[in-house]
Structure formats: C-alpha cells, structure tokens
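Secondary and tertiary structure notes
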Amino acid sequence: VTSITSMFAVNRGLPLTIVASITQETEEQYATPFVAASDSDVAFTEEGLNGKSIGICDFQASCHMWAATAAQRVGLEPEADVELVRVPFPTMGSAVAEGRVDTATMHQPFDAMAMAQHDMEVKFDAVEVLGYDHDLLEVWFSTQYLNNNEEAVRAFLEDYTATVEYYQENTAEARGTIADEGYV
C-alpha cells in the first residue's frame, strides 16, 4: 500500500500500523514521472498545468496527492484549474497518446512501455513536486493482527530484512532468480 493511501486510511479510523518501507521515491534511483507527449507544453509551472487534465491511478492515492500538490505548488486550485482523471496504469500511455489526458503519473513498467510505444517524455516527477525523497510503498498490519501475532510479525520482518539485504548485496543474481522464476 502506498504511504498516502495508508495515511488516508488511518485518518479515516482504520487501525493499522506501518511496519516497513518497501520502496522510496528518490531522484538518485526512481521518481514517478509525469509523462506527456514530447511536443506538449505540459510543465511544472502555472502555465504548464492550468487547464490540463492529469491521469491519476485513483483518488486518495499517492498519484492523486502528487497531481493535486503539483497544481497547488504552481498556484493553481486542484479541482478548479486542472482536471484529475482516473486512468488505470496499463492504459495511461494510450490515454496520453490519444489525448484523453494531457499528462499522467506512470510507474514502471508502464512509463517505459508508454515511452517506447509513443512519442512521450518525462515532464517532471513526484520528488520534484513534493520537494523531497519519500516512501512510496509500505507494509502494514492491522493493530489487532499485530497484537495477536507479535511473534509471526517479528519473524516476517526478520525474513524481509534478510531478503532485502541479500538483494542489495547480490542484485544481479537476485534479479536473475526473479526473472528465472517468472515473476517478471
């Protein structure tokens, strides 16, 4: 679950606790791009976003927060000056290419596929919009589950930590195993 979705859930009273970060948005590694047609005037400016439609994966998700924040940071009102359009990740590239939206927030592998299939480019990204690196995906458990299964959660977190450390120390081998097993 994304960090933003977790925050919305907690804010609405769902009893959950985040126990681990899976991935982060960073300029050094990966930041979710806002992709648009190469000849588009979409930009992270008031003129570049005013009146534009932005494809988002869903409302009250990270992509929604990034799009709304982008509008606000350049002096626009998210609901009045830009149109936020729910578009499933697999169809975001075609939505941009066909002009159904002006730009879209696309995660891998969808952004790479879209840019390979269409004349598109990254116009700006989530880290630029927020102004800092941030968690993207997290592991969480309900408070009740944590209270009733402390040993299982502790064992899971130990295994998760060992797996991440192994992957970081043996990235080429780990990627090969993941591919060989058909996970990608």
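Above this text sits the structure in question.
Residues numbered from 1 in each chain as written. Predicted model: local features only at pLDDT ≥ 70, side-chain atom pairs only at ≥ 80, totals over all residues. Heavy atoms only, no water.

**Concerning the overall build of the protein**
The helix and strand tally for the protein stands at 10 helices and seven strands. Along the first, second and third principal axes, the C-alpha atoms of the protein reach 55 × 40 × 25 Å. Here the protein holds 184 residues, and 38% of them are scored as buried. Contacts in the protein between residues far apart in sequence, at least 24 positions, make up 75% of those at least 6 positions apart. (Helix = DSSP H or I, 4+ residues; strand = E, 2+ residues; numbered from the N terminus. Buried < 20%, exposed > 50% of the residue type's maximum accessible area, 1.4 Å probe, protein only. Contact = heavy atoms within 4.5 Å.)

**Let's talk about unusual backbone geometry**
A cis amide bond links Q108 with the next residue in sequence, P109, at an omega value of 0°. Looking at where P109 falls in the secondary structure, it is placed in the loop between β5 (103-105) and α6 (110-117).

**A closer look at the sheet that holds strand β6 (residues 120-125)**
The five strands lie next to each other as β4-β3-β5-β2-β6, forming an open sheet whose pairing is mixed. Single-partner strands in this sheet number two, and they are β4 (83-86) and β6. Taken pair by pair, the neighbouring strands of this sheet meet at an average axis angle of 30°, ignoring direction. For strand β2 (residues 33-37) and β5, the ladder comprises three bridges, and the chain directions are antiparallel. Residue pairing in the sheet places A36 in a bridge with T103 of β5. (Pairing = 2+ DSSP bridges. Axes fitted to C-alpha atoms, helices over the stretch in contact; angles between N-to-C directions.)

**Topic: the layout of surface pockets**
Counted as a void, the largest pocket has a volume near 740 Å³. Surrounding the largest pocket, 18 residues form its lining, I22, T23, Q24, Q29 and Q168 being those nearest its centre. Only β1 (16-25), α9 (150-169) and α10 (171-180) provide two or more residues apiece to the lining of the largest pocket. Looking at side-chain class alone, the lining of the largest pocket contains six nonpolar, 11 polar and one charged residues. (1 Å grid on protein atoms, 1.4 Å probe; cavity = no way out; pocket = protein on both sides within 12 Å on 5 of 7 lines; lining within 4 Å. Points joined across faces, edges and corners; volume = space filled by probe spheres on them. Nonpolar A, V, L, I, M, F, W, Y, C, P; charged D, E, K, R; others polar.)

**Re the packing of aromatic side chains**
Tallying each qualifying case throughout the model produces six aromatic pairs. The interplanar angle of 20° and the centroid separation of 4.3 Å between the aromatic rings of F34 and F124 together place this pair among those described as stacked. With F34 in strand β2 and F124 in strand β6, this residue pair connects regions lying 90 residues apart in the sequence. Overall, the relative accessible area of 0% leaves F34 in the buried class. On the basis of relative accessible area, F124 is assigned to the buried category, the value being 2%. Ring geometry for F141 versus Y145: centroids 5.4 Å apart, planes at 15°, classification stacked. In this structure Y145 comes out as partly exposed when scored by relative accessible area, which is 36%. (Phe/Tyr/Trp six-rings, centres within 6.5 Å; stacked < 30°, edge-to-face > 60°.)

**Description of the packing of α9 against α10**
Taken N-terminus to C-terminus, the directions of α9 and α10 make an angle of 110°; their axes are 5 Å apart at the nearest point. By the angle class used here, α9 and α10 are roughly perpendicular. Here Y166, Y167, Q168 and E169 of α9 lie close against α10, whose contacting residues are T171, E173, A174, R175 and I178. When its residues are assigned to classes, the contact of α9 with α10 shows four nonpolar, two polar and three charged. (Parallel < 35°, antiparallel > 145°, perpendicular 65-115°, else oblique.)

**Observations regarding the nonpolar core**
Ranked by size, the top nonpolar core spans 33 residues in total, and within it L49, I54, M106 and F124 carry the most contacts. Take this core: its biggest share by element is five residues, from helix α3 (residues 62-73). Residues in contact with M106, not counting those within four places in the same chain, are Y30, T32, P33, V35, M92, G93, V96, D111, A114 and M120. (Core = buried A, V, L, I, M, F, W, Y, C linked by side-chain atoms within 4.5 Å.)

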